[in-house]
Amino acid sequence: MLRAILSLLAIFALVFTPVQAQVTSQRLERSASEPNNWMTYSGGYNGQRYSGLSQINRNNAKKLSQVWVVQNQVPGAWESNPLVVDGIMYLTQRPNDVMALDAKTGRLFWIYHWAPDPGAQVCCGSNNRGVAILGNTLFMGTLDAHLIAIDAKTGKALWNTVVADLKKGYSITMAPLIVKDQVLVGVGGGEYGVRGFVAAFDPRSGKELWRFNVIPGPGEPGFETWEGDDWKTGGGPIWTMGSYDPVLNLVYWGTGNPGPDWNPAQRPGDNLYTDSVVALDPDTGKLKWHFQFTPNDANDYDATQVPVLADMDWNGKTAKLMLFANRNGFFYVLDRVTGKFLQGTPFVKVNWATGLDKNGRPIKTPLDNGTPVWPGNQGGTNWYPPAYSPRTGLFYFSVWENYATTYHREEAVYQPGRTFVGGAPAGISPAPGAPTVSIGRRGPIDYWTNEVGNGATVALDPRTGKRAWAFTHYDVTDAGMMTTATDLLFTGGREGYFYAFDARNGELLWKTNLGGSIVTAPITYEIDGKQYVSIIAGNILSTFALQD
Amino acid sequence: MDIHKLIPIPSRRRFTNLLGAFALGVGTTMAAPATAQDHQYSAEQIQAGYRTYVSQCQLCHGSNGDGIARVSLSRQQFPRAVTDDDIRMAITTGNAAGMPPFALKADELENLVAFVRSGMDRTGTEFRLGDARRGKAIYEKAGCAACHRLDGNGSRTAPALDDIGFIRRPGQILTSLTDPTKGTMPINRSVTIFTADGRTIHGRRFNEDTFSVQLIDQQENVLSINKSDIRRFDVSMTSQMPSYRGRLSDVELADLLAYLVSLRGK
């Protein structure tokens, strides 16, 4: 009898995940089976930002109301992507604080504070985009290029390791990625002539296990795409989240711009593996395949978008695909097993290339200095996390349209830790002679109106590369996406509106004005049978649920 | 690069600079640059100054001129310098706040001053600054207050000018005086709104977004209108301001520009 009870209990334990269980890598691989949690940056290894939750649907979305708010005391764009595990939200704020809070009420358990070295260099703001969790440990990369392990229950640091030398311009703004009991993190610094890399660390000790250099060294394949010593300052940072396919045992990363950014004449060659997606063996860090979107880039077209992995019908067969909307203005479909190019289409006006050849290589247009380049400096899209719904078969992302940038290009001189950009973008404008604006944030007052371009929330059919629908914003938008099993698409924009769309056709179902720019992506989770949606806007994180 | 987040990280170096500035008893000043002397800054000078800036100054002052706390080169915001000579002095001798001295050739120095005085105008619009005191008299005589408001006087039809020298570069202000249609900031274009309930509203926008527009109408009512209530929305691409090229002499334009550049808000 006792034995029977014990075995019953054992079965019970297997079926029902205990509250606050350890976050194992197996659990992360099966994240789709526990949609109540948002355990990784993208909500799952496939980068889809698709949630199986269904309480909020197309009929009741208009009843969403705010449940709680947490305020950030730090000025500047708040680009953190929260995680929620078993009722607890883990969130970062500038420059390198981690907060644990009750995801049901917003009340804080603890704050961990790391003061990055004041010598840390980040081209574009002291951003941090979130933490990763494994076991009971959180992992955060810092502006001064450390990786810190933090006890998820107490907020105390367990170890702190230096990933790269801040004096050479390295920094970390991305959230780490847990793959098979390793902590993977990449580095920023594409404006400082760094040699970009992603590295794996032992989660218990912080010891580095392997490192993949984006710029190959002498004797390595791809080295021939550089001349002389250019490779040493070749750039190729990895500053946004990767994706992982546990079945293929491949981890995928988009890589950043070559250095110097705007003077390609100074680094002749294709400059591998900048502006590419690389597929790595997560056990060794060895390169399995690569695909370069923008060889010898002249326009800072980082391939720093989250690679979205989708299994979908392709020419009559189910195929393992990668969907990639690139900053350079083209949307790509790749075979993620081999890296083979399947299709590529421009999703905004593009004039730096007339198209792609059969291998996906751009057919470049020679542009004179001072000619406006479409898409402009922020790209057709950027790091803003996209989403894919296996239900609608559509790919969702934020787009900047109707704007171009002219560039001033010049020889850059390398000095360690100093900007190495080779010129400057001379502002953005819709056409030559039109009002020009610097790329800086326009703020709550939009001086420049839509005359200098606008944003759009776009749903693309990956099979054709054509728009299924688009919602045009008056201002540009840097917001990320999140979609659900009830065919909702949540996103926002710079104007401070937070939206729920019908993911199938773009019908606007609900909106609310949060009064501050939305420059990150929403997440969703469930506690005690209630579904929540969280979004950061301005200096608040706001959480919504259906009215009781 | 993800260049649209431009808040610099806190830096000990900048904090020290700030302390240094206070120790010397000079905080930030929004005071007008003295423009008693007549200054002509050519396009060639400004553009050449930009090249010097990139190679010599950008490292610390940044691509937007705001890399050092309490200093904005693009907005003429200096802890100490007032005159062009002050700027030359700061460049050639350095200062206690930590700026090193720079040994530049005479023409490089002049070009750099022109570039800084232009508000870091990479397009290099040439301009001439005359006497701000005489410019104030021209402002009053020329009838600017018929449309613009300044110091609590004048119409609100066109944008208030109290801080125009802070928010726009000299070259942009000059363009607005001589070729208003080209110089107008898009948000300031005249709009005509026909509402679904039959009203016609002429005015100037403060702000616009996907769903609404905030504006001031010709009767000086401040309005916020939902786009769903608008039947037709016309934005005039032609400025209603006359060009003052020819109406004012070059000397008068230089004086008026000097006055407008000196308007830095309170």
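Residues numbered from 1 in each chain as written. Chains lettered and ligands numbered in written order. Predicted model: local features only at pLDDT ≥ 70, side-chain atom pairs only at ≥ 80, totals over all residues.

Considering the environment of Val247(A)
(1) Moving on: The topology assignment puts Val247(A) in the loop between β15 (243-245) and β16 (250-254).
(2) Moving on: With 152 residues separating them in the primary sequence, Val247(A) and Val399(A) have C-alpha atoms 32 Å apart. (Helix = DSSP H or I, 4+ residues; strand = E, 2+ residues; numbered from the N terminus.)

Some words on the sheet that holds strand β9 (residues 146-151) of chain A
All names here are of chain A.
(1) Moving on: The 4 strands are arranged β7-β8-β9-β10 in an open sheet whose pairing can be described as antiparallel. The open sheet has two free edges, formed respectively by β7 (132-134) and β10 (157-162), since each of these has just one partner strand. Neighbour to neighbour, the strand axes of the sheet diverge by 20° on average, direction disregarded. (Pairing = 2+ DSSP bridges. Axes fitted to C-alpha atoms, helices over the stretch in contact; angles between N-to-C directions.)

Topic: helix α6 (residues 132-142) of chain B
All names here are of chain B.
(1) Moving on: Where α6 is concerned, the buried positions are Ala-132, Gly-135, Ile-138 and Tyr-139. Projected onto a plane normal to the axis of α6, the buried residues spread over an arc of 105° and lie on a single side. Facing away from the buried side of α6 by more than 90 degrees, the exposed set consists of Glu-140 and Lys-141.
(2) Moving on: Contact partners of the buried residues in α6: α10 (250-261). (Buried ≥ 20, exposed ≤ 12 C-beta atoms within 10 Å, placed from the backbone. Arc of directions from axis to C-beta. Contact = placed C-beta atoms within 7 Å.)

Some thoughts on the pairing of strand β6 (residues 200-208) of chain B
Looking along a regular strand, one sees side chains alternate from face to face of the sheet.
Residues and elements named next belong to chain B.
(1) Moving on: Bridging between strand β5 (residues 190-195) and β6 involves 5 bridges; their strand directions are antiparallel. Residue Ile-193 lies in a different strand from β6, and its bridge partner there is Ile-201.
(2) Moving on: Between β5 and the antiparallel strand that follows it, β6, lie 4 residues; Gly-198 among them carries a positive phi value of about 95°.
(3) Moving on: The pairing of β6 with strand β7 (residues 212-217) spans 5 bridges and is classified as antiparallel. Considered in β7, the bridge of Glu-208 is made with Val-213.

Looking at the domain arrangement of chain B
Residues and elements named next belong to chain B.
(1) Moving on: Partitioning chain B into structural domains gives domain 1 (12-124), domain 2 (129-184 + 241-261) and domain 3 (186-235).
(2) Moving on: Facing the 9 residues of domain 1 at the interface are 11 residues of domain 2.
(3) Moving on: For the side of domain 1 that touches domain 2, the class distribution of residues is 2 nonpolar, 4 polar and 3 charged. (Domains from an automatic or database assignment. Nonpolar A, V, L, I, M, F, W, Y, C, P; charged D, E, K, R; others polar.)

A closer look at the sheet that holds β6(B)
Residues and elements named next belong to chain B.
(1) Moving on: Strand order in the open sheet formed by 5 strands is β8-β7-β6-β5-β9, with antiparallel pairing between adjacent strands. What marks the edges here is a single partner per strand, and that holds for β8 (222-226) and β9 (230-235). Neighbour-to-neighbour, the strand axes of the sheet open up by a mean angle of 40°, direction not taken into account.

Side note on the pairing of strand β6 (residues 108-113) of chain A
All names here are of chain A.
(1) Moving on: Summarising the sheet, strand β5 (residues 97-102) and β6 pair through 5 bridges and their orientation is antiparallel. The partner of Met-99 across the bridge, within β6, is Ile-111.
(2) Moving on: With antiparallel pairing between neighbouring strands as the criterion, β5 and β6 make up a hairpin whose turn holds 5 residues, including Gly-106 at a positive phi of roughly 85°.

Quick word on the environment of Ala152(A)
(1) Moving on: Secondary-structure assignment places Ala152(A) in the loop between β9 and β10.
(2) Moving on: Classification of Ala152(A) as buried rests on a count of 24 C-beta atoms within 10 Å.

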